[in-house]
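# A look at the structure
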Amino acid sequence: MQELIDWFQSLEPLPWQNDRDPYKVYILEIMSQQTTLSVMMKRYPSWISTFPSIDSIAAASEEDVLLAWEGLGYYQRARNIYTIAKFIKEHGFPEPNLSSWLQLPGVGRYTAAAILSRAYNKPYLAVDVNVKRIIMRIFGVSSYDQGLEEKFIALLGKNLFDKYSSDMNQGLIRLGQSLCKKKEIICKECPLMKICKSAGNISCLNVSTKKTIERRDKYLVIISFNEYIYIEKIESGVGKNMYRLPLVDYELWQTFLLEPGASLLSKRKHSYTKYCDYLYPLYIEIKEMELLQRFDNITKHLIACNKKKLHERPFLSSYRIIIDELLGGGGKDLFLEDQ
DNA sequence: AAGACGTGGGA
DNA sequence: TTCCCAAGTCT
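Residues numbered from 1 in each chain as written. Chains lettered and ligands numbered in written order. Predicted model: local features only at pLDDT ≥ 70, side-chain atom pairs only at ≥ 80, totals over all residues. Heavy atoms only, no water.

### A short note on the overall build of chain A
Along its length, chain A carries 15 helices and eight strands. Its C-alpha atoms give chain A principal-axis dimensions of roughly 80 × 45 × 30 Å. Sequence separation of 24 or more characterises 65% of the internal contacts of chain A that already satisfy a separation of 6 or more. Surface accessibility of chain A: about 17,900 Å² in total, with carbon and sulfur atoms responsible for 51%. With 45 positive and 40 negative side-chain charges, chain A shows a separation of 6 Å between the mean positions of the two kinds. (Helix = DSSP H or I, 4+ residues; strand = E, 2+ residues; numbered from the N terminus. Contact = heavy atoms within 4.5 Å. Areas by Shrake-Rupley, 256 points an atom, 1.4 Å probe, with all protein chains shown as cover. Lys, Arg positive; Asp, Glu negative; His and termini not counted. Charge placed at Lys NZ, Arg CZ, Asp CG, Glu CD.)

### Topic: the packing of aromatic side chains
Summed over the entire model, instances satisfying the criterion amount to 13 aromatic pairs. Taking 5.2 Å as the distance between ring centres and 55 degrees as the angle between the ring planes, the aromatic pair formed by W47 and F51 counts as tilted. Assigned by exposure class, W47 and F51 land together as buried. Here the aromatic cluster, defined as three or more aromatic residues joined through ring pairs, consists of Y219, Y250, W253 and Y280. A cation sits over an aromatic face here: R215 above Y278, 4.0 Å from the ring centre. We note R216 situated over the ring of Y275; from NZ or CZ to the ring centre the distance is 3.7 Å. (Phe/Tyr/Trp six-rings, centres within 6.5 Å; stacked < 30°, edge-to-face > 60°. Buried < 20%, exposed > 50% of the residue type's maximum accessible area, 1.4 Å probe, protein only. Lys NZ or Arg CZ within 6 Å of the ring centre and 35° of its normal.)

### What about the protein's contact with DNA strand C?
Neighbouring residues of DNA strand C: 22 residues in total, closest Q34, G106, T111, N130 and Q177. At a separation of 2.5 Å, a phosphate oxygen of DNA strand C approaches a polar side-chain atom of T111. A distance of 3.4 Å separates a phosphate oxygen of DNA strand C from a polar side-chain atom of K182. Counting only elements with at least two residues in the surface near DNA strand C, the list comes to helix 2 (22–32), helix 8 (109–120), helix 9 (129–139) and helix 11 (158–178). Broken down by element, the residue count for the surface near DNA strand C peaks at three residues, all from helix 8. Across the surface near DNA strand C, the residue classes tally to seven nonpolar, 10 polar and five charged. (Near = heavy atom within 4 Å. Polar contact = N/O pair within 3.5 Å; in protein donor to acceptor, adjacent residues only side chain to side chain. Nonpolar A, V, L, I, M, F, W, Y, C, P; charged D, E, K, R; others polar.)

### A look at the pattern of salt bridges
Summed over all chains, the structure comprises 15 salt bridges. Across the pair R244 and E232 runs a salt bridge, and its minimum N-O distance is 3.2 Å. Taken together, the positions of R244 in strand 3 (residues 243–244) and E232 in strand 2 (residues 228–233) put the pair 12 residues apart, joining distant regions of the chain. On the accessibility criterion, E232 (17% relative accessible area) is buried. Three or more residues joined by partner-sharing salt bridges are found here, namely R216, K218 and D277. (Salt bridge = Lys/Arg side-chain N within 4 Å of Asp/Glu carboxyl O.)

### Overview of the UniProt feature "domain: HhH-GPD" (unreviewed entry) in chain A
Sites flagged by UniProt as "domain: HhH-GPD" (unreviewed entry) map to residues 31–178. When the span residues 31–178 is considered, its composition is 70% helix and 0% strand, and the gap between its end C-alpha atoms is 20 Å. (UniProt positions renumbered as here; feature names shortened; annotations may be inferred.)

### Side note on the protein's contact with DNA strand B
Around DNA strand B, a shell composed of 18 residues is seen, among which Y74, Y75, V238, Y272 and S317 lie nearest. Restricting the count to atoms of DNA strand B within 4 Å of the protein gives a sugar and phosphate share of 63%. One nitrogen or oxygen atom from the main chain of S317 is found 2.8 Å from a phosphate oxygen belonging to DNA strand B. A per-element tally of the surface near DNA strand B places strand 6 (residues 268–272) first, with three residues. Of the residues assigned to the surface near DNA strand B, the class counts are seven nonpolar, 10 polar and one charged.

### Topic: empty space enclosed by the protein
Rolling a probe over the atoms, with the probe sized like a water molecule, indicates the empty space that remains. Tallying each qualifying case throughout the model produces three cavities of 30 Å³ or more. Taken as a whole, the largest cavity spans an internal volume of roughly 140 Å³. (1 Å grid on protein atoms, 1.4 Å probe; cavity = no way out; pocket = protein on both sides within 12 Å on 5 of 7 lines; lining within 4 Å. Points joined across faces, edges and corners; volume = space filled by probe spheres on them.)

### Quick word on the pairing of strand 1 (residues 214–225)
Sheet analysis places strand 1 next to strand 7 (residues 275–286), joined by 12 bridges and oriented parallel. Each residue of the ladder has a partner; that of Y219, found in strand 7, is Y280. Two strands pair when backbone bridges link them, and strand 1 and strand 4 (residues 247–248) are joined in this way by two bridges, in the antiparallel orientation. Paired with Y219 across the bridge in strand 4 is V248. Both strand 1 and strand 2 contribute to a ladder of two bridges, which runs antiparallel. Bridge pairing in strand 2 places S224 opposite I229. (Pairing = 2+ DSSP bridges.)

### Some words on the environment of Y120
Residue placement: Y120 occurs in helix 8. Separated by 111 residues in sequence, Y120 and Q9 place their C-alpha atoms 19 Å apart. Each residue touching Y120, except ones within four places of it in the same chain, is listed here: P22, F93, P96, W101 and I115.

### Section: helix 9
Summarising burial for helix 9: nine of the 11 residues are buried, a large majority. Every buried residue belonging to helix 9 is among N130, V131, R133, I134, I135, M136, R137, I138 and F139, and all of these are buried. Packed against the buried residues of helix 9 are helix 10 (148–156) and helix 11. Following helix 9 by one or two positions, G140 adopts a phi angle in the positive range, close to 65 degrees.

So this is what it looks like as structure tokens:
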């Protein structure tokens, strides 16, 4: 299927398309997961600017890496990048084969294949959800079977794939994003039309399973004292080793509400996966050292961070938004009541 | 093997 | 505003 290669090469190339540096290809593949092209266009260049090499990451801290990843979500990926950078600094890149790369944390079958074909020109088929859908349509089947992959490569042309797997892998993904989409197909422009059993016939729709949403209320306090804001390090779970504004239980939050200097900020909604969180931020401005002691019971577990340095710590997005509005825009939209 | 893991952006 | 989506991996 020379047609696939020709079609791919006729597209406007992505800025990083022809970079074969294993480090950059690795970052590119990890960052691409579960995100959109517009996010990539913004974040990939800035990442490379912050961390131009494996060594630059290995020389940083995990917190620095999480900060650079902030806003991209799925933060385990950033922790893995840090782990892998240190490993590679010591041992070098893995051998260019599937089993060696699969040993790296966060590198699964898709990512390993994509890196090996892009950076090392190894003929592995990188099967992501797009390619999976294309394969199912090509063969006109309604369930996926890994055995189809070898047949698919044969259909593409084994010799051609051995030589041009990088372009063909990338071409297939672009195809899945543009012509052979989940809910929309444009077969007449498809380079694979000749070999497709489902041509013109949309099928293999992923049935989206509706998840039941779980609502959660979170009560947080922003304790401000001189130049400092108290923040809390997340020890486990979502956002591990990142920071948040301190969460307290409702009872305590209510008692803080009555403190002098306390003002209620507008509530925030933050949804992800199956959760719908409502954040209730309470801003407490403490002017006297004596008053600070009234919060000893919680502040002793917290970190006093200079307001000017809050941007140096990695925060989960929902908290970052509140912090930015509080410090940046004068909190105009944030405050419920005028002071 | 179903569920967890996050977010910004577009309709 | 609200809903829904987007280059997976791990357990």
